[in-house]
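Topology and contacts: notes
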Amino acid sequence: MAQSITRLSGVNSLSGTIPATNIANSTFDNITALPSAVPTGKPVLLSTATASASSSIEFTSGIDSTYDIYKFEFINIHPETNNVKFTFQSDTGTNTNYNQTITSTDFISQHNETGTTTELGYAIANDQAQGTAFQPIGQLIGNDNDECAAGTLQVFQPSSTTYVKHFIANTNVYRHDNYSREHFTAGYFNTTSALTRFRFKMSSGNLDSGKIKMYGISA
Amino acid sequence: MALTRANAVTAISGTIPASFVANATVANISAVPAAITTGALTLLSTQTASSSASISFTSGIDSTYDSYVFKFINIHPATDSADFSFQADTGTNTNYNQTMTTTTFRAFHNESDTNTSLAYIAGEDQAQGTGFQNIANDLGNDNDQCCAGTLQIFKPSSDTFVKHFISRFAVYKDSDFIRDEYCAGYINTTTALTRVQFKMSSGNIDDGIIKMYGVS
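What counts as what
Residues numbered from 1 in each chain as written. Chains lettered and ligands numbered in written order. Predicted model: local features only at pLDDT ≥ 70, side-chain atom pairs only at ≥ 80, totals over all residues. Heavy atoms only, no water. Helix = DSSP H or I, 4+ residues; strand = E, 2+ residues; numbered from the N terminus. Buried < 20%, exposed > 50% of the residue type's maximum accessible area, 1.4 Å probe, protein only. Contact = heavy atoms within 4.5 Å. Areas by Shrake-Rupley, 256 points an atom, 1.4 Å probe, with all protein chains shown as cover. Pairing = 2+ DSSP bridges. Axes fitted to C-alpha atoms, helices over the stretch in contact; angles between N-to-C directions. Salt bridge = Lys/Arg side-chain N within 4 Å of Asp/Glu carboxyl O.

In this section: the overall build of chain B. Each helix and strand in chain B was counted, giving 0 helices and 15 strands. When the 216 residues of chain B are sorted by exposure, 47% land in the buried category. Restricting the contact set of chain B to residue pairs at least 6 apart, pairs at least 24 apart contribute 73%. Within the structure as shown, chain B displays about 9,400 Å² of accessible surface, and the carbon and sulfur contribution to it stands at 47%.

Pasting the structure below:
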């Protein structure tokens, strides 16, 4: 039909078709994004950073009240230096000190390739009591060509201005001396200021390679 | 009212009757357009056990995703006290005997409230072993007994690094315990993994659903 809407017989009812060109999003498939208010319940990939002989990796944008939980995934984190820790810290506003106060716990389960040693134990060297250092979430990582670490870190409501910010990490490490070592790290940033940025680095040397992805999750 | 023409000009005012409009309410919309990215967790495959000797995922595991997550819904064994286990393989091979070094520990508590523990379980780990890795142990096969949990495998397509995995299960044990079982390790190969198989240590997987997701 060439015409658009016509008045039918001088009465108030109309017949005809509104041309599609006159309609925004005239088909459902024209819609390419959901309003941010719509929670999908799934993690939304916000940012991906790839290490390449990097002294550190920072996520400095996109961390705000949009999401209740921010989840980081670590894919094959490979250190330049042998026998190092993979660590993280956070900061507020546009600050770059990365020295927020943390109280944390860490325990590990490990087993060596020769089958002679197993352990489930608290890793006292990796916890903090109101410390401001970078928090280890993987320890003793080897730098042989096939050695790396992988896992996840969740930070809960970093934008809160009322509560501390809890975090939970779970990583698995190929130790420099050929163990499989699983870390369970948790704690809280003891601040009621909103956290806006995170930095990841090794305890010594560069992040030789690996990928870190940041997701937002709506509750 | 319906639409009216205002003052004999082309501008119109009023309301288009809902009966003239496709998808007149949000409830009429039953699917999201493909162009919308709804999240980073993409369901790739669902398999339902029905007296199955094993369940294998042999496609869709490649470099498309950096990690793959398996979710296990009410896995019920045919045989009492069976262990639920997995292995992986490369290419189109079906040996499912990749080398692994793994760790396992668990917390448990019985229904009669007389026994609790948190301990490393040496009998369930592997040191450069090639067996199926138990990720849920001593499952009961009473009608209401089953296990549920998750397994994440990181970058199975890597041809440089070993392949780390992490799993956690809640198990209704044969002797009426709840067990919270943790297993992690690495599949010690630099060849890309393309397939993963799940089976019981004894007997069939009587019932249950396994879903495989890719994480973008």
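Our focus in this paragraph is the sheet that holds strand β9 (residues 135–141) of chain A. All names here are of chain A. Strand order in the open sheet formed by 4 strands is β4-β13-β6-β9, with antiparallel pairing between adjacent strands. Looking at which strands have only one partner, the edges of the open sheet turn out to be β4 (57–59) and β9. Each strand axis lies, on average, 15° off the axis of its neighbour in the sheet, ignoring direction. Note: β4 against strand β13 (residues 195–202), 3 bridges, orientation antiparallel. Residue pairing in the sheet places F59 in a bridge with F198 of β13.

Evaluation of the coordinates by the stated rule reveals 11 salt bridges over all chains. The residue D66(B) makes a salt bridge to K155(B) at a minimum N-O spacing of 2.8 Å. Note that D66(B) is positioned in the loop between β4 (54–57) and β5 (67–77) and K155(B) in the loop between β11 (147–154) and β12 (163–172), a separation of 89 residues in sequence. For the residue pair D66(B) and K155(B), the accessibility class agrees, reading buried in each case. Between R179(B) and E181(B) there is a salt bridge whose closest N-O contact spans 3.4 Å. Since its relative accessible area comes to 4%, E181(B) is described here as buried. One salt-bridge network, held together by shared partners, links K211(A), K213(A), D66(B) and K155(B).

A word on the sheet that holds strand β5 (residues 69–79) of chain A. The strands that make up a sheet pair up through hydrogen bonds in the backbone, lying either parallel or antiparallel. Residue and element names in this part refer to chain A. Overall, antiparallel pairing links the 8 strands, which are arranged β3-β14-β5-β10-β11-β12-β7-β8 in an open sheet. Either end of the sheet is taken by a strand with one partner, and the two such strands are β3 (44–54) and β8 (118–122). Each neighbouring strand pair of the sheet contributes to a mean axis angle of 10°, computed without reference to strand direction. Relative to β8, strand β7 (residues 102–112) is paired through 5 bridges, and the arrangement is antiparallel. Looking at the pairing, I108 lines up with G121 of β8.

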